[in-house]
2 protein chains.
Amino acid sequence: MNGKIFIIEDEPSIIQLVQHNLEKNGFLVSSSLNGNDGLKELKKFQPDLLLLDWMLPDLSGIEICKNIRKDNSIKNLPVIMLTAKGEEEDKIKGLDSGVDDYLTKPFSFNELMARIKAVLRRSNPNTVSDNLEFEDLVLDRIEKRVYRDKKEIQLGPTEFRLLEFFLVNPKRVYSRDQILENVWPNNINVESRTIDVHIRRLRKSINIQNKKELIRTVRSSGYSLI
Amino acid sequence: MNGKIFIIEDEPSIIQLVQHNLEKNGFLVSSSLNGNDGLKELKKFQPDLLLLDWMLPDLSGIEICKNIRKDNSIKNLPVIMLTAKGEEEDKIKGLDSGVDDYLTKPFSFNELMARIKAVLRRSNPNTVSDNLEFEDLVLDRIEKRVYRDKKEIQLGPTEFRLLEFFLVNPKRVYSRDQILENVWPNNINVESRTIDVHIRRLRKSINIQNKKELIRTVRSSGYSLI
DNA sequence: TTAGTTTGTAACAAAAATGTAACATTTAAA
DNA sequence: TTTAAATGTTACATTTTTGTTACAAACTAA
């Protein structure tokens, strides 16, 4: 997944949360805390999608939207509007401001992600790919397949999830705790050594002759792709 | 599915959305943002069907329609009219402008597709094929028949729906939950193991000697065609 | 260097997922 | 009604996956 997303939202905690998660998913993210700055930075950033809060300190979401539709350089920018409960949702949705989708706060990140994908898929199909790639490694989330050097590799379920996790931020080093949290089902307790064993299994699976090792061990810290 | 569809609609986001999805479904699509241009390009493009917005900046949908009916070269072109909510739907539909069908915005793409198929089926039966195909497997939705390697195969109702579901996105892996949601009638509760059994029955039915297995098991994830 | 820590590896047993057949119940057809 | 077809469920066999352990190897710091 790749693509640029801009956020205009006056609540810093929401920005932080969303931005962090989007980046984890491979998006490039920038943001503004108010409408006027947002409109300016928007044009510089040239995003593929805009997350827009309905209530802002200066301009309303609708006004920003209208501004965007008038501006030829960003006329077709897809917009997902964030509205707080109680903001008379029906009224808002009724207004034809050219918004592509709406999301009512509070929302889960998964919801948001689903909407983003849907919107991007129709506006800019190339932006959304459910393939994760790194060097000659390709992981297809839809078909649940993994290829190295174009040749398919068979992975067990945990190996698959493990690799998927690493591929989101390939070069980042993850501690065993982080890996556990993200790759294993919640609340399940396994020894930290278990990870080592699965790393070993994954290594065995994705290694092919004459090709360099893809998983790096960072002593006393964890593992990463490399 | 094949055939040419022309769109006259002044909202670029709708055009983009509809066009992309129609193309994904095998149609050839062209469009105009206003009525006058639309009428000209229409004649060049020679579509099998026209999607026509009711409210346009210059001509109204009705006027365009009248123009078309007067023009011998495109006299019988089927038209689906798109109307926004609040445009006094009843009044519009009452007018005998020779429109074949109406659709009120906002509409889902599935709705639109269903209407398009219906209209095309009666105007130009050869344009619409409701066959799903994958490798040597053919599923005919109209006649409810399935063929493998040109020879007909008998499937039970659930087997048929199951196969139909897989054939829409053949290589995609679906979880048991997803299969349940899409293949079984809503709100019906069946054990997840039930799916396995039906998969097994489907496999038995569609397998023929010396041919590779068509259903892939992805352990701990689900099933897909392959 | 040496001792202590960390990691790689293989083996094994336990647990989980899946394939298969059989059976009872429901539904549809004749 | 009678008969056949379709369906959901269960039980059991088989395969795959998983966690853990034990030991070897590699690394680090003094």
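Our structure's up above, just so we're on the same page.
It should be emphasised that the depicted structure is a prediction, and the values quoted were computed from it without experimental measurement.

A look at the sheet that holds strand E7 (residues 137–140) of chain A
Residue and element names in this part refer to chain A. One open sheet accounts for four strands, arranged E6-E7-E8-E9; its pairing is antiparallel. Unpaired on one side and paired on the other, strand E6 (131–134) and strand E9 (151–153) mark the two borders of the sheet. The mean angle between the axes of side-by-side strands here comes to 25°, regardless of whether they run parallel or antiparallel. For E6 and E7, the ladder comprises four bridges, and the chain directions are antiparallel. Pairing of Glu-133 across the sheet is with Val-138, part of E7. Strands E6, E7 and strand E8 (145–148) of the sheet are contacted by helix H6 (residues 157–168), whose axis makes an angle of about 115° with E7.

Considerations on the protein's contact with DNA strand C
Taken together, 23 residues lie around DNA strand C, and Arg-200, Arg-203 and Ser-220 of chain A together with Arg-200 and Ser-220 of chain B are the ones closest in. Taken together, the sugar and phosphate atoms account for 61% of what DNA strand C places within 4 Å of the protein. A distance of 2.6 Å separates a phosphate oxygen of DNA strand C from a polar atom in the backbone of Ser-220 of chain A. Note that a phosphate oxygen of DNA strand C is positioned 2.7 Å from one of the side-chain N or O atoms of Thr-217 of chain B.

As for the interface of chain A and chain B
Opposite the eleven residues of chain A that make contact, chain B presents 14 residues. Interface area, chain A with chain B, both sides summed: about 1,100 Å², of which 53% is carbon and sulfur. Counting the contacts that link chain A with chain B gives zero salt bridges. Along the contact surface separating chain A from chain B lie two residue pairs in polar contact (both at pLDDT 80 or more). Ranked by residues supplied to the side of chain A that touches chain B, first place goes to helix H5 (residues 109–123) of chain A with three residues. By residue class, the composition of the side of chain A that touches chain B is three nonpolar, two polar and six charged.

Structural notes on the pairing of strand E2 (residues 28–32) of chain A
Residue and element names in this part refer to chain A. Pairing between strand E1 (residues 4–8) and E2: five bridges, direction parallel. Of the residues in E2, the one forming a bridge with Lys-4 is Leu-28. For the handedness criterion, the β-α-β arrangement of E1, helix H1 (residues 12–24) and E2 is classed as right-handed.

Things to note about helix H7 (residues 176–183) of chain B
Given 3.6 residues to a turn, an α-helix orients residues that are three or four positions apart in the same direction. All names here are of chain B. When H7 is considered as a whole, its buried residues turn out to be Ile-179, Leu-180 and Val-183. Buried residues along H7 cover an arc of 100° about the axis, so they all sit on one side. Exposed side of H7, more than 90 degrees from the buried face: Asp-177 and Glu-181 are the residues found there. Against the buried residues of H7 lie helix H6 (157–168), helix H8 (192–206) and strand E11 (222–225).

Calculation notes
Residues numbered from 1 in each chain as written. Chains lettered and ligands numbered in written order. Predicted model: local features only at pLDDT ≥ 70, side-chain atom pairs only at ≥ 80, totals over all residues. Heavy atoms only, no water. Pairing = 2+ DSSP bridges. Helix = DSSP H or I, 4+ residues; strand = E, 2+ residues; numbered from the N terminus. Axes fitted to C-alpha atoms, helices over the stretch in contact; angles between N-to-C directions. Contact = heavy atoms within 4.5 Å. Near = heavy atom within 4 Å. Polar contact = N/O pair within 3.5 Å; in protein donor to acceptor, adjacent residues only side chain to side chain. Buried area = accessible area lost by both parts, 1.4 Å probe. Salt bridge = Lys/Arg side-chain N within 4 Å of Asp/Glu carboxyl O. Nonpolar A, V, L, I, M, F, W, Y, C, P; charged D, E, K, R; others polar. Right-handed = clockwise from strand over helix to strand, strands pointing away. Buried < 20%, exposed > 50% of the residue type's maximum accessible area, 1.4 Å probe, protein only. Arc of directions from axis to C-beta.

Just geometry here; none of it tells us what the structure is for.
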